[in-house]
Amino acid sequence: MTTDRPSHRSPREPVAPAAPRKPTPGSGRESGPTPGPTPGPASGPGLGVFDKDLLDRCISCGFCLPACPTYTLTGQEPSSPRGRITLMRALESGDLAPDDPTLAEESSFCLGCRACEPVCPAGVRYGALLEQWRDHQWRGRDRPLIARLLMALVSRPALLRLQGLVRRHARPGRRPGAGARAGTGAPQATRRDAPEAASSRPAEPVSLMLGCVERGLYPAVSRAVRTLRPEVDVPPGQGCCGALHAHNGDSAAGAELAHALGERLPGTIVTTAGGCAAHLAHHLGRGRVRELSEYLELTGHRPAGRVTVDGRPARVALQDSCHLRNGLGVTRPPREAIAAVAEYVELPNAGDCCGAAGTYSMLRPADSRAVLAPKLAAIEAADVDYVVAVNPGCLRQLRQGLRRGGSRVRALHLAELLALAAAGEAGGSGGAGKDRGEPEAPAD
Ligand code: SF4
Ligand code: SF4
């Protein structure tokens, strides 16, 4: 069942530029840098920080401004995609010194959400430009300490494996009695598969990526995937996919880690993290990487059961993953999966960044909360029981925000919601919620 679902703006549909708002009082940016003239494409050889073709693509039309969360917060041109591209050009041409504080500030203030890409009529690949900018801006000790620590942590597979000893994520190896046909690695039918699903199942092995954050923080997510799709294998020895590195100024390590993980995970890679999906797809090829909801759809999986609260269908909203939506254009499958087991409620700002943005919520907590605030308000106004995330960073951000605000709404990962629905059907209880004030959610 789907209600309250206005036709949300397609990520590829340009929007007209809006007048900038006044800076948010108390944001600390009221006296930020003033917009200067917008230079055109950089001429001459430049510093070589950026791919010149990418940098020259921007036509300074400003269509991206209303889509940008940081511009919405400040109303300041340098905090907009166009303004940041102007700064990149000034850095490249030498018009701004590399140690100019505006460069440091704006390269950090940007969420990297890529909401500016789908609305850009010139096809500017802003995410790639931002990676190149941070490769230059955040070299060595200029990289924020928290980012350095996290990158060092997830680069050590032994430490990642250690998480599995204390947190019960899905285990490597196939589930007994389920999974591939002997010797082929091909998935087989499960009890809840629709008959037509069997014919559309991939013939190749399918590997679940555990994720370096998710396996430690939300191990129930990978377990839920195994419950839903037992044919999905969990190969051992998985490292980080490298998205963390690419977004924090080390895109070379980000590429290296992506390829190393690709060698560890045979066949199709299924991930429950939208950000990792976009990063892996960029390096390993789009056809090889599937976010969970995409994979379920492609294999003809029909979500079973219902999630109910007080005997009625639970009202469930979605928080898009920025990179899944803006990078890979995936918006429909998670919505349809939710609508199959609950009453789907479209939030007016479902596609807007929640402020998690990888390390952003740790590096810039005040800005992160400011970005999250309208999201939380919309969730409360929608009177939903659950809000579903398709990325662990978003899940953490939503859970913390809802808890801080004393909300009764619970945040779940899509895999958890679908497993909850299926378990309700299997157990014959027909419901997940105990009462309206305390919806029952699986705990990690
Ligand atoms: S990034 Fe795209 S939408 Fe934004 S100003 Fe440049 S060309 Fe226009
Ligand atoms: S990535 Fe997000 S925050 Fe950064 S310029 Fe683009 S829309 Fe704005």
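Residues numbered from 1 in each chain as written. Chains lettered and ligands numbered in written order. Predicted model: local features only at pLDDT ≥ 70, side-chain atom pairs only at ≥ 80, totals over all residues.

An unreviewed UniProt entry lists the chain under the name Glycolate oxidase iron-sulfur subunit, from Streptomyces taklimakanensis. Here is the UniProt Function (unreviewed entry) comment for the chain, exactly as written: "Component of a complex that catalyzes the oxidation of glycolate to glyoxylate." (UniProt positions renumbered as here; feature names shortened; annotations may be inferred.)

J.: Sorry, what's going on with the site of ligand 2 here?
T.: Residues in contact with ligand 2 amount to 14 residues; listed here are only the nearest, C68, P81, C110, C113 and C116. Elements supplying a minimum of two residues to the shell around ligand 2: α2 (69-74) and α3 (81-93). Each residue belonging to the shell around ligand 2 can be placed in one class, and the counts come to 10 nonpolar, two polar and two charged. (Near = placed C-beta within 6 Å. Helix = DSSP H or I, 4+ residues; strand = E, 2+ residues; numbered from the N terminus. Nonpolar A, V, L, I, M, F, W, Y, C, P; charged D, E, K, R; others polar.)

J.: Just checking my understanding: could you explain the site of ligand 1 for this structure?
T.: By nearness alone, 14 residues border ligand 1, and C58, C61, C64, R82 and C120 come closest of all. Residues that form the shell around ligand 1 fall into these classes: 11 nonpolar, two polar and one charged.

J.: What is the right way to look at the confidence of the model for the chain in this model?
T.: Detail in the predicted coordinates should be disregarded across regions flagged by low pLDDT. Per-residue pLDDT for the chain has a mean of 81; in total, 76% of the residues score no lower than 70. In this model, residues 1-39 is a region of pLDDT below 50 whose contacts with residues beyond four sequence positions or in other chains number 71 contacts. Taken together, the stretch residues 426-444 has pLDDT below 50 and engages in 38 contacts with residues farther than four places along the chain or on a different chain. (pLDDT = per-residue confidence, 0-100. Contact = placed C-beta atoms within 7 Å.)

J.: Would you mind going over the sheet that holds strand β4 (residues 289-291) with me for this structure?
T.: Sheet strands pair by backbone hydrogen bonding; their relative direction is either parallel or antiparallel. Spatially, β2-β3-β4 is the arrangement adopted by the three strands of the open sheet, whose pairing is parallel. Edge positions in the sheet fall to β2 (206-209) and β4, since each of these pairs with one other strand and no more. Pairwise comparison of adjacent strand axes, ignoring direction, gives a mean angle of 30° for this sheet. Sheet topology places strand β3 (residues 268-271) next to β4; three bridges connect them, and they run parallel. (Pairing = 2+ DSSP bridges. Axes fitted to C-alpha atoms, helices over the stretch in contact; angles between N-to-C directions.)

J.: Sorry, what's going on with helix α5 (residues 126-137) here?
T.: An α-helical turn contains 3.6 residues, so any two residues separated by three or four positions project in the same direction. Between its first and last C-alpha atoms α5 spans 16 Å; for 12 residues at 1.5 Å apiece the expected length is 16 Å, and the two agree. Of all 12 residues in α5, nine are buried, a share of seventy percent or more. Turning to α5, its buried residues are Y126, G127, L129, L130, E131, Q132, W133, R134 and Q137. For α5, the secondary structure elements touched by its buried residues are α1 (52-56), α3, α4 (101-109), α11 (243-247), α12 (251-264) and α15 (322-327). (Expected span 1.5 Å × (residues − 1). Buried ≥ 20, exposed ≤ 12 C-beta atoms within 10 Å, placed from the backbone.)

J.: Where do I start with helix α19 (residues 392-404) in this structure?
T.: The end-to-end C-alpha distance of α19, which contains 13 residues, comes to 18 Å, matching closely the 18 Å that a straight helix rising 1.5 Å per residue would cover. Every buried residue belonging to α19 is among P392, G393, C394, L395, Q397, L398 and G401, and all of these are buried. Looking one or two residues past α19, G406 carries a phi angle of roughly 65°, positive in sign.

J.: Where do I start with the pairing of strand β7 (residues 315-319) in this structure?
T.: Most of β7 sits inside the fold, with five of its five residues counted as buried. Across the two faces of β7 the burial is the same, with R315, A317 and Q319 and V316 and L318 all buried. Pairing analysis gives three bridges linking β7 to strand β8 (residues 343-345), with the strands arranged parallel. By the bridge assignment, A317 is partnered in β8 with V345. Bridge count between β7 and strand β9 (residues 386-389): four bridges; the pairing is parallel. Looking at β9, one finds that A317 is bridged to V387.

J.: Help me understand the pairing of β3, please; the structure alone is not making it clear to me.
T.: A regular strand places its side chains on the two faces of the sheet in alternate fashion. Residues T268 and V270 point to one face of β3 and I269 and T271 to the other, with burial holding for every one of them. Sheet topology places β2 next to β3; four bridges connect them, and they run parallel. Bridge pairing in β3 places L208 opposite V270. Traced from β3 through helix α13 (residues 274-284) to β4, the parallel crossover comes out right-handed. (Right-handed = clockwise from strand over helix to strand, strands pointing away.)

J.: Would you explain the packing of α4 against α5 in this entry?
T.: When two helices pack together, you describe them by how their axes are tilted relative to each other and by the distance separating the axes. Packing of α4 against α5 brings their axes to within 10 Å, and their N-to-C directions diverge by 130°. Between α4 and α5, the angle falls in the class oblique. Handedness of the crossing formed by α4 with α5: left-handed. On α5, the residues touching L103, A104 and S107 of α4 are W133, R134 and Q137. The residue makeup of the contact of α4 with α5, split by class, is three nonpolar, two polar and one charged. (Parallel < 35°, antiparallel > 145°, perpendicular 65-115°, else oblique. Left-handed = near helix turned anticlockwise from the far one by under 90°.)

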